[in-house]
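# Per-entry structural report
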Amino acid sequence: MTRYSRVIGTGGYLPEEVRTNEQISQTVDTSDSWIIERTGIKSRRIAGADETASSMAEIAARQAIAAANCDPEEIDLIIVATGTPDRVYPSTGCLLQRRLGIKNCVAFDVQAACSGSIFALSIADQYIKSGAAKKVLVVGSEICSRLVDWTDRGTCILFGDGAGAVLLGASDDAGILSTHIHSDGEYEELLYCPNPQVAIEANKDEAGYIKMRGNEVFKVAVNTLGRIVDETLAANNMQQSDVDWLVPHQANTRIIAATAKKLKMSMNNVILTLENQGNTSSASVLLALNEGIRDGRIQRGQVVLLEAFGAGFTWGSALIKY
Ligand code: ACO
């Protein structure tokens, strides 16, 4: 009998502080209408000074564990996707393990920028399908606001903070149907974040802020996400009409609309959170999944396509029967 990874609980956390487009337009040369028209974003959340990726991950994780009615000690593996870890090491996964008080499990981080949660889901699925793990906690947690140069209007309008979590359990009933992950390291210059402290001498003067050639990233993202829709459907012998929900990475409404069009799907079947969250990098897909499940739009038995694209470039998808 095939062994599947089934979604048994989800959770999410958004910090309290709201930063609106209006507020940003008081410090850089932009406007609420430009940001809404070009991105779909109206506001984003900003983590408090005492918050970290692991503190936000803990809140989202506890929600997912409670939703699954699971004893945390049953969790075999914790995978945290983050580009903003509390420390270089220990991993945010280990810090989360400690916060959750779980003694007997393995914990580590994955770094795939905005595609991190899809990469983490893919790894989790391999562990469950192979029988190496029965319950896996996957969390995406990001404090993007601390990697953003708030004087750069090309990036500071886009990003926000938050954490999303999903608990996967081994099941005989269908869950994750397939995952597809890809990388192409050729595109470093289009989107990167320097790490001055460990950079070679020639690069030490670069500030540790996100640097992005947005328009070029945009074009590659639209094409690549179109291809991953085809790849995912073909791998499952499915048609566009077999997919009930699209849960995309929340980078830009225009990128998401292009993917929905590829699926011949109405925007009513897309879980959109970016309006009030912005791009929360590896947290965004899991935050959107959590929202769609908790508000009752995504129902058991429905087919859900998760997808993301990010620095690297990295991109991927997960097709799930919820
Ligand atoms: N306000 C007003 N004008 C602006 C702003 C702003 N915030 N930003 C740029 N502009 C101007 C530009 O200077 C340019 O002016 P010009 O025509 O006089 O030269 C004009 O607007 C158009 O600029 P573009 O960069 O072509 O604008 P575009 O429509 O591409 O939108 C955006 C920019 C929103 C950044 C878009 O390109 C985008 O969303 N890119 C993809 C981002 C993404 O998906 N990243 C991957 C995930 S992130 C990760 O992995 C960490």
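Report follows, based on the coordinates. Bear in mind the structure is a predicted one, so any value in this text is a computation, not a measurement.

The rules behind each value
- Residues numbered from 1 in each chain as written.
- Predicted model: local features only at pLDDT ≥ 70, side-chain atom pairs only at ≥ 80, totals over all residues.
- Heavy atoms only, no water.
- Pairing = 2+ DSSP bridges.
- Helix = DSSP H or I, 4+ residues; strand = E, 2+ residues; numbered from the N terminus.
- Axes fitted to C-alpha atoms, helices over the stretch in contact; angles between N-to-C directions.
- Contact = heavy atoms within 4.5 Å.
- Buried < 20%, exposed > 50% of the residue type's maximum accessible area, 1.4 Å probe, protein only.
- Parallel < 35°, antiparallel > 145°, perpendicular 65-115°, else oblique.
- Left-handed = near helix turned anticlockwise from the far one by under 90°.

The strand order across the open sheet built from five strands is β1-β7-β6-β4-β5, with neighbouring strands paired in mixed fashion. At either margin of the open sheet sits one strand with a lone partner, and together these are β1 (4-13) and β5 (106-110). If you compare each strand with its neighbour and ignore which way they point, the axes differ by 20° on average. Note: strand β4 (residues 77-81) against β5, five bridges, orientation parallel. The residue bridging Val80 from the neighbouring strand is Asp109, located in β5. Contacts between helix α3 (residues 53-67) and the sheet are confined to β1, β6 (135-143) and β7 (161-171), with β1 contributing the most and set at about 125° to the helix.

By the criterion of burial, β6 is predominantly enclosed, with eight of the nine residues buried. Note: β4 against β6, five bridges, orientation parallel. The residue of β6 that forms the bridge with Ile79 is Val138. Pairing of β6 with β7, which is carried by nine bridges, proceeds in the antiparallel orientation. Directly across from Lys135, in β7, lies its bridge partner Gly169.

Before going further, it helps to spend a moment on the packing of α3 against helix α4 (residues 92-100). The contact between α3 and α4 brings their axes to 9 Å, and the two run at 55°. Comparing their axes, α4 and α3 come out oblique. Considering only the axes of α3 and α4, their crossing is right-handed. Contact with α3, carried on its side by Ala53, Ser54, Ser55, Ala57, Glu58, Ala61, Arg62 and Ile65, involves Thr92, Leu95, Leu96, Arg99 and Leu100 of α4 and no other residues of that element.

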